[in-house]
Amino acid sequence: MKKIYLLILVIGMCRFVSFGQEILKGRLIDETDTAKRIAATIEILQGGQKVLKTRSDDQGNFSLTLASGSYTTNINNVNYKTYSAIIVIPNKELVIFKLSPNENRLDDVTVSTGYQKIDRTRSTGSFDQINNKSLNQQVGKNILDRIEAVGNGITVDRSTSSGPRFMIRGLSTIQGPKEPLIILDDFAYSGELSNINPDDVESITILKDAAAASIWGTRAGNGVIVITTKKGKRNDPLSISFNSALGFVKKPNLRYEQRISSGDFIGLERYLYQKGFYNDQISSPSRPMLTPFVEALILNDAGTLSNDELNARAARFSGHDVYDDFSRYIYQQGINQQYSLSLSGGSEKHNWILSSGYNRNIDNLNSKDERKTLRIANSLSLSKNLKINSSFSYTSGFIESGKQGIGEIVSYLGLYPYAELADQYGNPLAINKNYRQTYLSSPATKGLLDWSYVPLLDYAESDNSKNLTDLLANFDLSYKLPLGFRASLKYNIEEQRNNGELLQSQQSYYTRNLINSFTQIASNGSISYPIPLGAILDKSESTLRSEQFRPQLEFNRIWKDHRIDAVGGLEWRTARTKGYFDRVYGLDTDKLISGLVDYTRTYPDFITGSANFINSGSGLSLKRNNFFSEFVNVAYSFRDTYTISASARADASNLFGVETNNKWKPLWSMGLSWDISKMSFLKTNFVDQLKLKATLGKSGNVDPNMTGVNTIRYQAISTYTQSVFASFDKYSNPDLRWETVRMINIGTDFSLFKGRLSGSIEYYSKNAKDLFGTYPVDYTKGIGNTVVKNVAEISGHGLDIQLQTKNSIGGLIWNTAFNFSSYKDKVLQYYLASQQGSSFLQPNPSVSGIEGLPVYSVFSYKWAGLDALTGDPMGFINGLPSKAYNLLTGSDTKVTDLTYHGSVLPRYFGNIVNSFGYSNITLSVGLSFKFDYYFRRRSIDYSSLFITGAGHADFQNRWKNPGDENFTNIPSMVYPAILARDAFYRYSDVLVEKGDHVRVQYVNLDYNFDNSLLQHFEIKSLSLYTNISNLGIIYRANKQNLDPEYVTSSFNLPPRNTFSIGVRVTL
Amino acid sequence: MKFRNLICSICCTIIVISNLGCKKILDEKSDQQLVIPTTLVDFQALLDNSGFLNNQDLISAEISADDYYITDTDLAALTNDYQRRMYNWQKDFLFAPRSNEWATTYRAVYYSSTVLEGLDESDLPHNTQFNNIKGQALVFRSKCFLQALGLWGKAYGNANDTDPGIPLRPSTNFNEESYRTTVKEGYEKVVSDLQAAIQLLPDKQVQTTRPSKAAAYGLLARTYLFMGNYTQAAKFADSCLKLHPTLIDYNTLSASDRYPFTSFNNETVFATWIPPATIVNSSRGKIVPELIASYQANDLRKGLYFLQTGSFYYFKGTYFQPALFFGIASDEMYLTLAECQIRSGLVDLGMETLNKLLVKRFKTGTFVPLAASDTETALKIVLAERRKELVMRGIRWMDIKRLNAEGRNIVLSRTINGTIYTLQPNDKRYALPIPEDVISLTGMQQNDR
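What counts and what doesn't
- Residues numbered from 1 in each chain as written.
- Chains lettered and ligands numbered in written order.
- Predicted model: local features only at pLDDT ≥ 70, side-chain atom pairs only at ≥ 80, totals over all residues.
- Helix = DSSP H or I, 4+ residues; strand = E, 2+ residues; numbered from the N terminus.
- Buried ≥ 20, exposed ≤ 12 C-beta atoms within 10 Å, placed from the backbone.
- Contact = placed C-beta atoms within 7 Å.
- Rg over C-alpha atoms; globule rule 2.2 N^0.38 Å.
- Pairing = 2+ DSSP bridges.
- Axes fitted to C-alpha atoms, helices over the stretch in contact; angles between N-to-C directions.
- Nonpolar A, V, L, I, M, F, W, Y, C, P; charged D, E, K, R; others polar.
- pLDDT = per-residue confidence, 0-100.
- Core = buried A, V, L, I, M, F, W, Y, C linked by C-beta atoms within 7 Å.
- Parallel < 35°, antiparallel > 145°, perpendicular 65-115°, else oblique.
- Expected span 1.5 Å × (residues − 1).
- Arc of directions from axis to C-beta.
- UniProt positions renumbered as here; feature names shortened; annotations may be inferred.
- Left-handed = near helix turned anticlockwise from the far one by under 90°.

Section: the overall build of chain B
Argument step 1. Helix and strand content of chain B: 18 helices and 11 strands.
Argument step 2. In terms of overall dimensions, chain B has a C-alpha envelope of 110 × 45 × 45 Å along the principal axes.
Argument step 3. The proportion of buried residues among the 449 residues of chain B is 51%.
Argument step 4. Within chain B, residue pairs in contact and separated by at least 24 positions form 69% of the contacts whose partners lie at least 6 positions apart.

A look at the overall build of chain A
Argument step 1. Tallying secondary structure elements over chain A gives 16 helices and 50 strands in all.
Argument step 2. A compact globule built from 1067 residues should have a C-alpha radius of gyration of about 31 Å, and chain A, at 34 Å, falls within 12% of that.
Argument step 3. Reported as C-alpha extents along the three principal axes, the dimensions of chain A are approximately 120 × 75 × 65 Å.
Argument step 4. Counting only residues that meet the buried cut, chain A has 39% of its 1067 residues in that class.
Argument step 5. In chain A, 69% of the contacts between residues at least 6 apart in sequence involve partners at least 24 apart.

Here's the deal with unusual backbone geometry
Argument step 1. Cis geometry marks the peptide bond from Tyr975(A) to Pro976(A); its omega dihedral reads -5°.
Argument step 2. Tracing the backbone through its elements, the reader meets Pro976(A) in the loop between helix 14 (942-948) and helix 15 (979-986).
Argument step 3. A cis amide bond, omega -5°, links Gln321(B) with the succeeding residue Pro322(B).
Argument step 4. Tracing the backbone through its elements, the reader meets Pro322(B) in the loop between strand 7 (312-315) and strand 8 (324-325).
Argument step 5. If you check the backbone angles, Asn426(B) has positive phi at about 60° while not being a glycine.
Argument step 6. Note on placement: Asn426(B) falls in the loop between strand 11 (419-423) and helix 18 (436-442).
Argument step 7. Accessibility expressed as a C-beta count within 10 Å gives 14 for Asn426(B), which makes it partly exposed.

Description of the sheet that holds strand 4 (residues 61-67) of chain A
Residues and elements named next belong to chain A.
Argument step 1. Judged by pairing direction, the sheet is mixed, and its three strands sit side by side in the order 4-1-7 without closing on themselves. Where the open sheet ends on each side, the last strands, each with one partner, are strand 4 and strand 7 (95-99). Within the sheet, the average angular offset between the axes of one strand and its neighbour, ignoring direction, is 30°.
Argument step 2. Inspection of the sheet shows strand 1 (residues 21-30) paired to strand 4 by seven bridges, in the antiparallel sense. Considered in strand 4, the bridge of Gln-21 is made with Ala-67.

Quick look at the interface of chain B and chain A
Argument step 1. With 65 residues of chain B at the contact, the number on the chain A side is 69 residues.
Argument step 2. Elements with a minimum of two residues in the side of chain B that touches chain A: helix 1 (2-26), strand 1 (34-35), helix 2 (40-47), helix 3 (50-53), helix 5 (72-77), helix 7 (101-121) and helix 18 of chain B.
Argument step 3. Residue composition of the side of chain B that touches chain A, grouped by class: 28 nonpolar, 22 polar and 15 charged.
Argument step 4. Sheet topology note: the strand 34 (residues 711-717) of chain A/strand 1 of chain B ladder contains two bridges and is antiparallel. Each bridged residue has a counterpart across the sheet, and for Arg713(A) the counterpart in strand 1 of chain B is Leu34(B).

A closer look at the confidence of the model for chain A
Argument step 1. Counting all residues, the mean pLDDT for chain A is 87, and 95% of those residues have values of 70 or more.
Argument step 2. Residue range residues 1-19 of chain A is modelled with pLDDT below 50. Its contacts to residues more than four positions away, or to other chains, number seven contacts.

Some details on the nonpolar core
Residue and element names in this part refer to chain B.
Argument step 1. In terms of nonpolar packing, the biggest core is built from 178 residues, with Leu-194, Ala-216, Leu-219, Ala-221, Ala-237 and Cys-240 touching the most fellow members.
Argument step 2. Considering each element in turn, this core owes the most residues, 12 residues, to helix 8 (residues 128-152).
Argument step 3. Excluding residues that lie within four positions of it along the chain, Leu-219 makes contacts with Val-139, Ser-142, Lys-143, Leu-146, Leu-194, Phe-270 and Ile-328.

A word on the sheet that holds strand 3 (residues 49-55) of chain A
Residue and element names in this part refer to chain A.
Argument step 1. Taken together, four strands build an open sheet; the order of strands is 3-2-5-6 and the sheet is antiparallel. Two strands lie at the open edges of the sheet, namely strand 3 and strand 6 (80-89), each paired on one side alone. Across this sheet, the average inter-strand angle for adjacent strands is 25°, counted without regard to direction.

Digging into the packing of helix 6 (residues 292-302) of chain A against helix 7 (residues 307-318) of chain A
Residues and elements named next belong to chain A.
Argument step 1. Where helix 6 contacts helix 7, the two axes come as close as 10 Å, and the packing angle between them is 170°. Between helix 6 and helix 7, the crossing angle belongs to the class labelled roughly antiparallel. Residues Phe-293, Ala-296 and Asn-300 of helix 6 pack against Asn-307, Leu-310, Arg-313, Ala-314 and Phe-317 of helix 7.
Argument step 2. For the contact of helix 6 with helix 7, the class distribution of residues is five nonpolar, two polar and one charged.

Some remarks on helix 16 (residues 375-389) of chain B
Working note: α-helix, 3.6 residues per turn, so residues spaced by three or four point in the same direction.
All names here are of chain B.
Argument step 1. An ideal rise of 1.5 Å per residue puts 21 Å on 15 residues; helix 16 measures up with 21 Å between its terminal C-alpha atoms.
Argument step 2. Of all the positions in helix 16, only Ala-378, Ile-381, Val-382, Glu-385, Arg-386, Lys-388 and Glu-389 are classed as buried. One side of helix 16 carries all its buried residues, which in axial view fall inside an arc of 165°. Of the exposed residues in helix 16, those oriented more than 90 degrees away from the buried face are Glu-376 and Ala-384.
Argument step 3. On its buried side, helix 16 packs onto helix 13 (301-305), helix 14 (330-343), helix 15 (347-358) and helix 17 (396-405).

Describing the UniProt feature "domain: RagB/SusD" (unreviewed entry) in chain B
Argument step 1. Per the UniProt record, the feature "domain: RagB/SusD" (unreviewed entry) sits at residues 332-447 of chain B.
Argument step 2. As annotated, residues 332-447 of chain B comprises 48% helix and 9% strand, and the C-alpha atoms at either end are separated by 30 Å.

Considering the environment of Asp800(A)
Argument step 1. Considering the arrangement of structural elements, one finds Asp800(A) in strand 38 (residues 786-809).
Argument step 2. For Asp800(A), a count of 25 C-beta atoms within 10 Å gives the class buried.

Points about the pairing of strand 16 (residues 224-229) of chain A
On a regular strand, each side chain points to the face opposite its neighbour's, so the side chains alternate between the two faces of the sheet.
Residue and element names in this part refer to chain A.
Argument step 1. Within strand 16, five of the six residues are buried, which leaves it mostly tucked inside the rest of the structure.
Argument step 2. As judged from the four bridges shared by strand 13 (residues 181-184) and strand 16, these two strands associate in the parallel manner. Considered in strand 16, the bridge of Leu-181 is made with Val-224.
Argument step 3. Across six bridges, strand 15 (residues 201-207) lies against strand 16 in antiparallel orientation.

A few points about helix 8 (residues 322-330) of chain A
Residues and elements named next belong to chain A.
Argument step 1. When we look at burial in helix 8, the residues that qualify are Val-322, Asp-325, Phe-326 and Ile-330. Viewed along the axis of helix 8, the buried residues span an arc of 105°, placing them on a single side of the element. Opposite the buried face of helix 8, at more than 90 degrees from it, the exposed residues are Asp-324 and Arg-328.

Section: the environment of Gly708(A)
Argument step 1. Looking at where Gly708(A) falls in the secondary structure, it is placed in the loop between strand 33 (687-701) and strand 34.
Argument step 2. Placed 104 residues apart in sequence, Gly708(A) and Pro604(A) show a C-alpha to C-alpha distance of 45 Å.

Observations concerning the pairing of strand 27 (residues 562-587) of chain A
Residue and element names in this part refer to chain A.
Argument step 1. Here 22 bridges tie strand 26 (residues 535-559) to strand 27, and the two strands are oriented antiparallel to one another. When the sheet's bridge partners are listed, Arg-557 is paired in strand 27 with Ile-564.
Argument step 2. In this antiparallel pair of consecutive strands, strand 26 and strand 27, the connection spans two residues, and Lys-560 shows a positive phi of 45°.
Argument step 3. Relative to strand 30 (residues 619-638), strand 27 runs antiparallel, the two being bridged by 20 bridges.

Here we look at the packing of helix 4 (residues 262-274) of chain A against helix 6 of chain A
All names here are of chain A.
Argument step 1. The N-to-C vectors of helix 4 and helix 6 enclose an angle of 45°; their axes lie 10 Å apart at closest approach. As the angle between them shows, helix 4 and helix 6 are arranged oblique. When the axes of helix 4 and helix 6 are compared, the crossing they make is right-handed. Note on element contacts: helix 6 touches helix 4 through Phe-293, Val-294 and Leu-297, opposite Ile-266, Glu-269, Arg-270 and Tyr-273.
Argument step 2. Residues belonging to the contact of helix 4 with helix 6 are distributed by class as follows: five nonpolar, no polar and two charged.

Thoughts on the confidence of the model for chain B
Argument step 1. Averaged over every residue, the pLDDT of chain B is 92; the share at 70 or more is 94%.
Argument step 2. The ipTM assigned to the predicted complex is 0.90, against a pTM of 0.85.

Regarding the environment of Lys894(A)
All names here are of chain A.
Argument step 1. Checked against the element boundaries, Lys-894 lands in the loop between helix 13 (885-888) and strand 43 (899-903).
Argument step 2. Measuring from C-alpha to C-alpha, the distance between Lys-894 and Ser-834 comes to 8.9 Å, with 60 residues separating the pair along the chain.
Argument step 3. Those residues in contact with Lys-894 that sit more than four places away from it in its chain are Gln-835, Gln-836 and Gly-837.

Next comes the structure, spelled out in structure tokens:
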């Protein structure tokens, strides 16, 4: 059969030779959206015989060399109806074929890896592409925030106090940098993500498997997210689009904090006072602050305050909650404004886009955040073979601090719950801060600046602002060589400058407090100010400059049934961050005169008398992060049906203290795909596309702490010896090996029933050897109490399912995008000896020490109930109830004695977005869910309650009398508090909860005006939308009404819902 | 063909350039402030990290000793359970896991040992500066070992051949396990290191945070004193005083000052210190009445050392405000010298040495030189003065141990909520328990309590 084809082809060619060849140029465009170009297969037939088969490029362009005559053209693309037309050669004009889309089509046909664009039908790797349409259903300044609600295989882990982190297909490690590698167009992006205007984003691709990520080398350890920006299109008339949104952010729910009530706290203070807990503070020569009620108790004891008055104060304080003051006087509704305008167009040789954006957010604390972005991208064909792409973007950001919220207004170590921020008329009041009120109002402080602290006024005296400027430029010069080669040079430069200024006026508490502490009053009464009167200004600047350079050679060639797509090249990357900070004392902000300060001598503290140096507040830093990489990626396809791919990459970076040979890490991957739908046996009506694919790859992670020698860091000038001093930075860790992850991905992409049902199902398994973990080390060795070691070998596997259904029932269009992932991992082998239970009960989870359990598991101490007589919590030692807390939390409890609950990370997670369209209206609802995981909730901790005054509302329901143990698990209060008792309860199994929940991420309502109506005004499209985000949880497994993603620390409140309205216009 | 050649030559050029370019960028420092310690400047910079080397004396020696007491309410009000347990010499859990004095001691040991190993392995010329740095490292490490032996080991004595001491960490390689050597080996190590340091150090340094030859003499005198080797102790106390004889005339100071003594004052030979733990700080730790009562009327120390609030006295006489000074000062050397002279039978000479110190402690013109007819009387006088002078200097605990070892029968007692807790002479609880987590990580032998 094949031979016959060849013969025909040869005969055909002979005819061209004899009759002379003509070139036909053409373009494929979308009938409904003429700006959209289509890459499709073009078959040319004559007399029912195929004479030529080719493909249009990404811009929809194709050219054919044919002999004069009449031909039938068949154009095929999964997303469009098969198009047939008759063409007559010669034809000197550009032929434009308008294809009409399938009613239900796959949205994107190519995916970008940052190195190349791969046709989805031939890709072997695992990609999740999120298009601009589904990203636009959410509103907000930061593009990455939108991924969680719509991405596949992605979760955001909020189980550690170190902030949220993206996880693509589970964690390979908990060490090292947290962020996934962000690729902006062609290059790794090192600036702040908030610099990117979401309206400039065309699509986001998440590279999920080893084959997809391996092209990015060692930095791909935490996954790769490729952001592709919008470009102008060739031969496109000028198009203008405008988008604006206005959002309102609700005040946070401070009650979520569950703090001890004022009444309970007053009772506690009375109890502690009677026990003499405050005696030390009362007599202390450093005059530490005491709360108003303790002061009242002192006066009452001294006989200067009657019992009636004391009780009256107790009643007043008990009825007051400082969180009401926070709500009333400090928190407000936030307002987000977002505008963007873009112009684009293109001619035959040049296409361009110009876009600008303006964001202004005022948050719940009246902090202002402004961002302006400007971006220009050009693509210019200088000759037939030479093409230049360039883009420039400029971002300018400005952040100004607002009021101080909960956790920021503190009296001494914490804030007493009955602090009064304002009187009954709303006039700001002073609260007790560092020192006792009785001392501050005594004659001893005569001559000093006022030492009171008025929280509601103080924020206005300090002006904290940050300016950010970011410039980014990309150049891409590519030259088409013969035989399918293309050479290109890509260059990227970015400079991001952050300037910070904190001006604290002389009226600010900070400045007054510092001036007062240093004030010297001589015996003759003369006053001197070692810290001069005036404002204190802290300035800081950091400049990031990164350059990347990549010569790359591509090879794309089709011979008959064979096709090779290859790319290889080298990449240099240097990033340098320079920083400095400096402080000016005694600043006169009018005349810009600063004061003189002596940093070399000590001054006795005004209150304690201890000798203090004045902090110079200055310093410099310089950091460099350099990479050099070599890469190659080859894919071979046969008949567009079978594809084999392979990639390899080696990276080296300037790890300090590591020999160059150890800096290199080679990584590789291989893949296969088989497009079954191209097989003749599967030519059925209901299968549009069906592809099987498989990849195998190896990726690796290096711990930046890996070093072969001890390194030290120079710190500062010693005030004692006036010489520089240093401390150890990293300790030689010669046993540390690279962490390597091997990943296998098997999956299928499909589209059925003319695209009504499409999606992908992928199974992956990974095996990570030498996983990094912090390990407790004998600190007799002198290098601290933990080191990073290779702690375990793990295996994990998971399933990512992505389904899209498109239904229409009458006039109703109902589309569903469903992402479901499961991920399970376990420890195969644990290398280390430590079995002490408490090592596995840390604020941040450590690698489980038990083989067969999830890599990050929730453990707890076994609970033996409360002692019926005392309300003491009890655990088990050797199977018997025990109250020996030091032993329970020490070496007598092994990890095998702990209760195992389950995984720290959700084992099932995903999201579902339903869109309902009827006539001009589209309503979208996004839900996300996480199942099968556990978290630890917070409860009362008596040690910290006594010291800081911060306590949990569980205090109220604690064990008080025998019999209470029948309905409460909250231990009794004991005085003095015992640290180990509190630690036992904190990590006991009664505080572990199931994390399962479902939340509503957003609801979006879109109204599209009719085209017919708009044509009068020369408007291409106009839509109005409203959006509500963060609608909260609709199902949770825990009965405490907790949001499992916001439980790790105090003042970590779930975001409140934001209501936005907006308009989108295209001219 | 030609095209293939072109491609080949482009590739070759790129590879050549890349190797040149990559070498350069890969060798750039990732952080300008990072250094691999190889030069004398680097080693001195490590030793000048006074936060880790000078400011880490063992406060537990003072918490365990008998110069102070605290009230029941104050004891209950302590938020640190470990200090409460240490106060009445409980059996176990006297140190918080992970961050405790064992950790800070061995961090300082690591700093010193790194410098010593770095110097040994280097090709640097053995010049004055080289010797100076090596000597400093030896003194710092000896100071750590000596304080650790005093806290976690039993008193040095005849039976010490087998008494477990402390790990001496012969190398900085962290893959080497820690094990305890004997008390005897520990003291021998300190002695030999200090003797080596004496040969290397200059008489004086730019600042007393850096150990000088005088500091090495002083520390060696202290070491021999704890070992009961009074001849050697006298010899080195005398050597120290030859280099640093200065005493402050207390008449020049003002008792009304919150801190009458300045840091780095003229008596300071070697400044090391530690912030007072909450249990002994100047608003809780009350000085025992018997000590207060022992000062005579014109003794200026009572006013300069103690802050009187009502009938209570709190310590304020530190030589390193606001922290407690545990370092070497000339006053200690006079006392050591006097004691050793008396012990060797030179009673008059010893009393003369003691009087040289005391005359600076009394109101001008009021001091009557002390005299004693026999050794025991003289010894009692000098030991009483030693206690009165060296309050909260981290010395008392070790003094009690050595004096009890020779049978002076000092019984410590604390009264808590009416219960009296005593610590009998030579009780095994004089060696504090090593932090339990260290024991569980290393399998080291725990002190029998």
